[in-house]
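# Reading the structure
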Amino acid sequence: MSACCRSLHPPRHIPMRISSTNLLQLNQHRKFRPRRHAGAGAVEVLLRSRRLVIESAAAGGGDKGDEPRKKGNPPPQCCALDRDAVEANSGGADRRAEVVIATVATVVLGVANRVLYKLALVPLKHYPFFLAQLATFGYVIVYFSILYLRYQAGKVTDEMLSLPKSPLIVIGLLEALAAASGMASGAVLPGAAIPILSQSFLVWQLGLSYIFLKRKYRFNQLFGCFLVAAGVVVTVASGSGPGSLTTSGLFWSSLMIISFFLQAADTVLKEIIFLDAAKRLKGGSMDLFVVNSYGSAYQAVFICLLLPFLSNLWGIPFSQLPSYLKDGAACFLNTGTMLNQCNGAPLLPLLFVIVNMGFNISLLHLLKISSAVVSCLASTVSVPISVYMFTLPLPYLGVASSLPPGFVKGAIVLVVGLLVYLWRPAPNSSRSPSLVN
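The following paragraphs examine the structure supplied in this document. One numbering rule holds for all chains: residues counted from 1, following each sequence as written. Note on the predicted model: pLDDT of at least 70 is required for a residue's local features to be given, and 80 or more for side-chain atom pairs to be given and counted; whole-chain, interface and lining totals, by contrast, use all residues. Remark: hydrogens and water are excluded; side-chain values derive from all non-hydrogen atoms of the structure.

### Examining helix H3 (residues 128-152)
The first and last C-alpha atoms of H3 sit 36 Å apart over 25 residues, in line with the 36 Å expected at 1.5 Å per residue. Its maximal kink placed at Gly-138, H3 deviates by approximately 25°. Relative accessibility thresholds used throughout: buried, under 20% of the residue-type maximum; exposed, over 50%; partly exposed, between the two (1.4 Å probe, protein chains only). Under the scheme used here, helices are H or I runs from DSSP no shorter than 4 residues and strands are E runs no shorter than 2 residues, and both carry numbers assigned from the N terminus. Buried within H3 we find Pro-128, Phe-129, Phe-130, Leu-131, Gln-133, Ala-135, Thr-136, Tyr-139, Val-140, Tyr-143 and Leu-147. Of the residues one or two after H3, Gly-154 is the one with positive phi, at around 90°. Between the first and last residue of a helix there are one fewer steps than residues, each counted as 1.5 Å, and that sum is the expected span. Given a residue, its bend is the angle between the two axes fitted to the seven residues that end at it and to the seven that start from it.

### Considering the packing of helix H15 (residues 372-389) against helix H16 (residues 407-422)
A fitted line through C-alpha atoms represents every axis, and for helices the fit uses only the stretch in contact; the resulting angles, taken between N-to-C directions, go from 0 to 180 degrees. Viewed as axis vectors pointing N to C, H15 and H16 meet at an angle of 160°, and their least axial separation amounts to 11 Å. Taken together, the axes of H15 and H16 are roughly antiparallel relative to one another. The handedness of the crossing between H15 and H16 comes out as left-handed. Residues Val-373, Val-374, Leu-377, Val-381, Pro-384, Val-387 and Tyr-388 of H15 form the contact with H16, whose participating residues are Phe-407, Leu-414, Leu-418 and Tyr-421. Residues are grouped as follows: Ala, Val, Leu, Ile, Met, Phe, Trp, Tyr, Cys and Pro are nonpolar; Asp, Glu, Lys and Arg are charged; every other residue, Gly included, is polar. Of the residues assigned to the contact of H15 with H16, the class counts are 11 nonpolar, no polar and no charged. Relative orientations are named as follows: roughly parallel for angles under 35 degrees, roughly antiparallel for angles over 145 degrees, roughly perpendicular for angles from 65 to 115 degrees, and oblique for any other angle. Here a crossing is called left-handed whenever its near helix is offset anticlockwise from the far helix by less than a right angle, and right-handed whenever the offset is clockwise. Only heavy atoms enter the contact rule, under which two residues are in contact if any of them lie within 4.5 Å.

### So, the nonpolar core
Soluble, globular proteins show a tendency: their nonpolar side chains are buried together. Only buried residues count toward a nonpolar core. Its members are Ala, Val, Leu, Ile, Met, Phe, Trp, Tyr and Cys residues joined through side-chain atoms within 4.5 Å. Membership of the largest hydrophobic core comes to 88 residues, with the highest contact counts inside it found for Met-286, Val-291 and Val-373. For this core, the leading source of residues is helix H10 (residues 250-280), giving 10 residues. In this structure, Val-291 is in contact with Leu-168, Ile-171, Lys-270, Ile-273, Phe-274, Met-286 and Leu-364, ignoring residues within four places of it in sequence.

### Details of the state of the cysteines
In plain terms, two cysteine sulfur atoms within 2.5 Å form what is called a disulfide here. Considering all chains together, one arrives at 1 disulfide under this definition. Disulfide partner of Cys-331: Cys-342, at an S-S distance of 2.0 Å. Across the disulfide from Cys-331 to Cys-342, rotation about the S-S bond amounts to roughly -120°, and the bridge is consequently left-handed. Taken as a pair, Cys-331 in helix H13 (residues 321-333) and Cys-342 in the loop between H13 and helix H14 (347-369) lie far apart in primary sequence, 11 residues in all. We classify Cys-331 as buried; its relative accessible area is 0%. With no disulfide of its own, Cys-376 lies closest to Cys-225 among cysteine sulfurs, the gap being 7.6 Å. Judged by its relative accessible area of 2%, Cys-376 is buried.

See below:
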C-alpha cells in the first residue's frame with residue numbers, strides 16, 4: 001500500500017541549502033534518507049516519520065527549485081511505513097484505550113439496566129407489558145429527536161441518511177421477532193434458566209461472525225469465550241433452586257435459544273452496516289443514531305403488527321388492551337385512580353428507561369469500534385455482577401437475596417476466560433517496520 005507524499009518547495013527568497021554535514025546530522029537524528037537524481041544535482045530528502053518529500057536545489061540554485069520538473073526527470077519516490085506498524089505505533093494505543101473505556105461503560109450500564117428493570121417493576125408489577133411498550137415506542141421519539149439535532153449540527157449528513165434502508169428494516173424485524181419469542185418462552189421458563197440459556201448468544205455471535213464477516217478467531221479467543229459462558233452458568237445455576245430446564249420442556253428452551261439467535265443476527269447485521277457504510281462514505285463513519293433511530297422505528301412497526309399476539313402472551317385479551325394501557329399509564333404517572341398505589345413511580349420507571357437507552361447506545365458504540373463478540377462479552381460480564389448487586393440492601397426490594405454458593409467459583413472462571421480471550425502473543429521485537437518505496 002503506497003503512501004501519499006507532499007512536496008514542499010522552499011520560498012523564492014530563502015534558498016534551501018543542505019550541506020553534507022547537516023545532511024549527516026539529519027540522517028543520524030531524524031532518520032532521513034537522501035536520494036539523488038540525475039540532472040541539476042537535485043537532492044531529495046525523504047522524511048520517514050511524516051512522509052514528506054523535501055526538494056531542494058544544489059548550492060547556488062535556490063530559485064531553480066521552484067521551476068516545474070522536467071518531463072525526463074523521475075518522480076519523487078515515497079517512503080511509507082508498513083500499515084500494521086503505523087496502526088500499532090500511531091493510533092493503536094488510542095484505539096485500545098477507547099475500546100477499554102467503552103467496554104467498562106457498557107458493563108456498568110448493563111448492571112444498572114438489570115437492577116433498575118427489577119426496581120421499575122416494583123410500582124409496575126401488574127403492568128410489565130406497558131413498561132415494555134413504553135420503552136419501545138418512547139425510544140423512537142427520543143432517538144429521532146437526537147438524530148434531528150445531530151443533523152442540524154452537521155454530525156449527520158445527507159449521505160448517511162441516503163444509505164439503503166433495507167438492512168435497517170431487517171434489523172427492526174429481527175428485534176421484534178426476538179422480543180416476541182423471548183416473551184413467549186420467558187413466561188414459561190424459570191427465572192434462573194434464562195441467564196443460562198442466554199449464553200447461547202455468544203455461541204451464535206462467534207458462528208455468525210465467522211460465516212458473514214469471515215472473521216477468524218484464535219484458539220485462546222474461542223477458549224476464553226467458552227470460559228466466560230461457563231463462568232456465568234456456574235454463577236447462576238448454583239442458586240437456581242428447584243427450577244430446571246427439564247421441567248419446562250424442550251420446546252420453550254429451544255424457543256428462548258432461537259430468541260438469542262435472532263438477537264445475535266441483529267448485532268452482526270449492525271456491524272455489517274457499519275462496515276458497508278465506511279466503504280460507501282469513502283472512509284467516513286455512520287452515525288450511531290441513524291442506525292438506532294430507523295432500527296427502533298421499524299421495530300415499533302413490526303411490534304404493532306404483532307401486538308395481538310404479544311398481548312395474549314402476557315395474558316391480556318386484545319379487546320381489553322386499551323383499558324390495560326390506560327391503567328398502566330395512570331400507574332406510571334401515579335395519578336388518578338392509581339394515586340399512592342404505585343409507590344416509586346414515575347421515578348423508577350423513568351430511570352430504567354433512561355439507563356436502558358444509555359446501555360443500548362453504549363452497546364452499539366462498542367460494537368462500532370470493536371466487534372459484535374466484544375460487545376457480547378461486555379454484556380455477558382454484567383450478569384454475575386448483577387447477581388451480586390441483588391444481594392445488597394436495595395430500596396423497594398425488601399430483604400436482599402443471598403449470594404449463590406457457586407458465585408465465587410463462577411466469577412473466577414469468568415475472569416480467567418476474559419484474560420484468556422484478551423491474551424495476545426508477544427510480537428517479534430526484532431522485526432522492524434518495512435518500507436514501501
